[in-house]
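One-letter residues, chain by chain:
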Amino acid sequence: MSIQHELDFHIHYGDPEVTGSLVVGTKAFDEAFFYEGDDLGVTYKRERLFFRLWAPTAGEAVVALYRAWDDEVAGLELPMTRAEKGTWTLDVEGDFAGWFYTYRVKIGDGWNEAADPYAKAVGVNGKRGAILDLRETDPENWAADTKPPMRAAVDAIIYEVHVRDFSIHPESGMKHKGKYLAFCEKGTRGPEGIFTGIDHLVDLGVTHVQLLPVNDYFYGSVDETKPGEQYNWGYDPQNYNVPEGSYAADPYQPASRIRELKGLVQALHSRGIRVIQDVVYNHLYDGYRANLAQLVPGYYFRYREDGSLSNGSYCGNETASEHLMMRKFIVDSVVYWAREFHMDGFRFDLMGLHDVGLMQEIRRRLDEIDPSILITGEGWVMDSALAPEERANQLHAGRMPRVAQFNDRFRNALKGDTFDKTSRGFVNGGWYLEHEIKTGASGSIPYNEYTFGFPLQPDQTVNYAECHDNFTLWDKLSFVGGGEAEDILRASHRLASAIVLTSQGIPLLHAGQEFMRTKQGVENSYKSPDEINRLDWQRCAERKHDVWYMKELIALRKAHPAFRMTTAEEIRSHLHFEDAPGGCVAYTLRDHAGGDSCEHLYVLYHANRGTDDLPLPQLGEWEVLFGSEHVRRMDGRLQVDGIGMVVLGVRKLS
């Protein structure tokens, strides 16, 4: 029976002995077969194994045990027993540590074999689950690992980075190039003695590192037996609950990748930095070959009325998060990463393809563990077979408190439309965008009758000028600017970063943004070579003054809670826009906004190349806190020159 034939058969009929007249994926099917237990997968003890698989449409189920990851024939094939709510179970006596396993299920007249979706460890390239004691993967003192303190989500300063990019440059100064372990190295230095690695992150001052996907992804994208020969961002998931092996020191040892990713988290925690995991639950690498599709065909994915896979992800499929067992799987997986790996946040790829109920449930479950765990995601409004009113996109942000969404509108206002190579943003000549900058600076909340956006509260927006997708900020500005002078491009780049770091909400920086990262004009580098994607530590050394500028911006944000107000009501009460000419946005943060030590702050985003003269609010004696290089005169009025940001303060008189 072909895969498509199997799929059609089980969508409409299922196994008559099990499902009766129930149709796979319907509400009635979910009600009949929803399993609430927490023991799916394999439970290991030295004296026994216990397996539980959810496969309600299977006629039979078998556990195949292999002595090696690449054995062609199973050492044991043990039949499972049908149990409650569509599950199958197996108890096995003996110690099977070091063995590998798969499930085989009889679907119609044929048999499918797949890795356990709940596997916590796998062999090379993720084709089989691995049996081990998870406690033996804990680094020394792992139980004592503590999270750095965090007051509120808006205090986060997120730094997005790919594991391999971070250290693979020949002058990175790190020994474990391209590996998890590179994040554990202290005292690394690069060209001209600059800080690299974790020391660079600490020196920069970021609070969170956001890792591009680190769960096991498709071996066709990166073969773990040849990890240096291919590159991929990792947005084609294969095994959701297992770290990717190509970043491990030894992908042939199932414990290696687990222990080393935990070590990465522990090392960052010890230096005051939290860790966010980029998760990709919206699709799998293949809607037919993936383990979920093999074990319960027709259930885990969305379909169009003609029976074709819904493809809102543009990756060939999209998962059906509204189906109860898919929702349970995603929630169980997120909770597992939070507990087992001590993750401090989750960034949901294409979150707009998930349903609102899923995101609400994840927020609830993570709050039970630690309310400071961040949830962010791409809430793009995308096509999907999911009902429009149920999609977890920007249109429904109000139904998902404390779930932050990436603010693409603000991004486009800063540097120009991402999908229009000729489009200019506020910082490089799009001066008609002042209103959009005001909206973003105020957190995109409903500030007044003239502003609108998706968030109801500032902790629901992630502000950014660049990320791993699309052109870097430097490449975008360079492309639009043509033969623009270097100093103009640099000033525009600095202004964009300054706006991100002084706006209300949660700021995100792309790794290398501090030294104006370039990918040599490559717009979508998801599988480009290291020469395009790696962090260029030589460029970091050459642009150390730009790195210093970013450090000063981060320090400014940390020093002034006025930039980090926690509620929309606070913002509306304390943030006031001031008169400014075209190409400028000016506002004050008044009356100790956010509990700031300064009584008032004045912020000016100056995108004009020449000189402007602006009135200063008569609120006290202003002093320059940031951007003195742009200030020409300050005597009741402010005269500024050149592209950049100026921040003034009035300190409370004693």
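Up top you'll find the structure we're talking about.
Residues numbered from 1 in each chain as written. Predicted model: local features only at pLDDT ≥ 70, side-chain atom pairs only at ≥ 80, totals over all residues. Heavy atoms only, no water.

**Q** Please explain the environment of I198 as it appears in this structure.
**A** With respect to the secondary-structure elements, I198 resides in helix α5 (residues 197–204). For I198 and T188, which are 10 residues apart along the polypeptide, the C-alpha to C-alpha distance reads 8.1 Å. Residues in contact with I198, not counting those within four places in the same chain, are F166, F183, E185, A267, L268 and R271. (Helix = DSSP H or I, 4+ residues; strand = E, 2+ residues; numbered from the N terminus. Contact = heavy atoms within 4.5 Å.)

**Q** Hey, could you run me through the packing of α5 against helix α16 (residues 544–559) in this one?
**A** Two quantities define a packed helix pair, namely the angle between the helix axes and the distance between the axes. Relative orientation of the contacting elements α5 and α16 amounts to 50°, with a least axis distance of 9 Å. The orientation of α5 relative to α16 falls into the category oblique. Where α5 abuts α16, its residues H200, D203 and L204 lie against V547, M550, K551 and I554. Class assignment for the residues of the contact of α5 with α16 results in 4 nonpolar, 1 polar and 2 charged. (Axes fitted to C-alpha atoms, helices over the stretch in contact; angles between N-to-C directions. Parallel < 35°, antiparallel > 145°, perpendicular 65-115°, else oblique. Nonpolar A, V, L, I, M, F, W, Y, C, P; charged D, E, K, R; others polar.)

**Q** Looking at this structure, I do not really get the sheet that holds strand β5 (residues 81–82). What am I missing?
**A** What links the strands of a sheet is backbone hydrogen bonding, and the strands pair in either a parallel or an antiparallel sense. One open sheet holds the 4 strands; their spatial order is β1-β2-β6-β5, and the pairing between them is antiparallel. Edge positions in the open sheet fall to β1 (41–45) and β5, since each of these has one partner strand only. Strand direction decides the pairing type here: strand β2 (residues 48–54) and strand β6 (residues 87–93), joined by 7 bridges, are antiparallel. By the bridge assignment, R48 is partnered in β6 with E93. (Pairing = 2+ DSSP bridges.)

**Q** Help me out: how do you make sense of the packing of aromatic side chains in this one?
**A** A ring pair, where both rings are aromatic, is described by two values, the distance of the centres and the angle of the planes. By the definition in use, this model includes 34 aromatic pairs. When the centroid spacing of 5.0 Å and the interplanar angle of 50° are considered together, the rings of F29 and F33 count as tilted. Here F29 pairs with F33, and both are found in helix α3 (residues 27–33), just 4 residues apart, close to one helical turn. For the pair formed by F29 and F33, the shared burial category is buried. Within the aromatic cluster, the residues linked to one another by ring pairs are F29, F33, W54, Y299 and Y300. Taking the ring centre of Y336 as reference, the NZ or CZ of K120 above it sits at 5.0 Å. If you follow R539 out to its NZ or CZ, it ends over the ring of W474, 5.5 Å from the centre. (Phe/Tyr/Trp six-rings, centres within 6.5 Å; stacked < 30°, edge-to-face > 60°. Buried < 20%, exposed > 50% of the residue type's maximum accessible area, 1.4 Å probe, protein only. Lys NZ or Arg CZ within 6 Å of the ring centre and 35° of its normal.)

**Q** How should the sheet that holds strand β26 (residues 637–641) be read in this particular structure?
**A** Strands sit in the order β23-β26-β25 across an open sheet of 3 strands; the sheet is antiparallel. The open sheet has two free edges, formed respectively by β23 (611–615) and β25 (631–634), since each of these has just one partner strand. Strand-to-strand twist in this sheet, taken as the mean axis angle between neighbours without regard to direction, amounts to 15°. Across 5 bridges, β23 lies against β26 in antiparallel orientation. Residue pairing for β26: P615 is matched across the bridge by R637.

**Q** It is not clear to me how the pattern of salt bridges should be interpreted in this structure. Could you clarify?
**A** Counted under the stated rule, the structure contains 50 salt bridges. The salt bridge involving E224 is made with R257; its shortest N-O contact spans 2.8 Å. With E224 in the loop between β12 (215–217) and β13 (237–243) and R257 in helix α6 (residues 254–270), the pair connects residues that are 33 residues apart, well separated along the chain. D367 is the partner of R363 in a salt bridge, and the nearest nitrogen-oxygen pair spans 2.9 Å. Taken together, the residues span about one helical turn, with R363 and D367 both in helix α9 (residues 356–369) at a distance of 4 residues. (Salt bridge = Lys/Arg side-chain N within 4 Å of Asp/Glu carboxyl O.)

**Q** Whenever I open this one, α6 confuses me. Can you help?
**A** Residues lying three or four places apart along an α-helix face the same way, a consequence of the helix completing one turn every 3.6 residues. The end-to-end C-alpha distance of α6 is 25 Å, a good match for the 24 Å that 17 residues give at a rise of 1.5 Å each. In terms of burial, α6 is largely enclosed, as 15 of its 17 residues are buried. Positive backbone phi, at 85°, marks G272, one or two positions downstream of α6. (Expected span 1.5 Å × (residues − 1).)

**Q** Would you take a moment to explain unusual backbone geometry for this structure?
**A** Glycine aside, residues mostly have negative phi, and peptide bonds are mostly found in the trans state. Even without being glycine, E192 reaches a positive phi, approximately 60°. Relative to the elements of secondary structure, E192 occurs in the loop between α4 (163–167) and α5. You will see that S444, though not glycine, has its phi angle at about 60°, which is positive. Note that S444 resides in the loop between α11 (434–441) and β18 (461–463).

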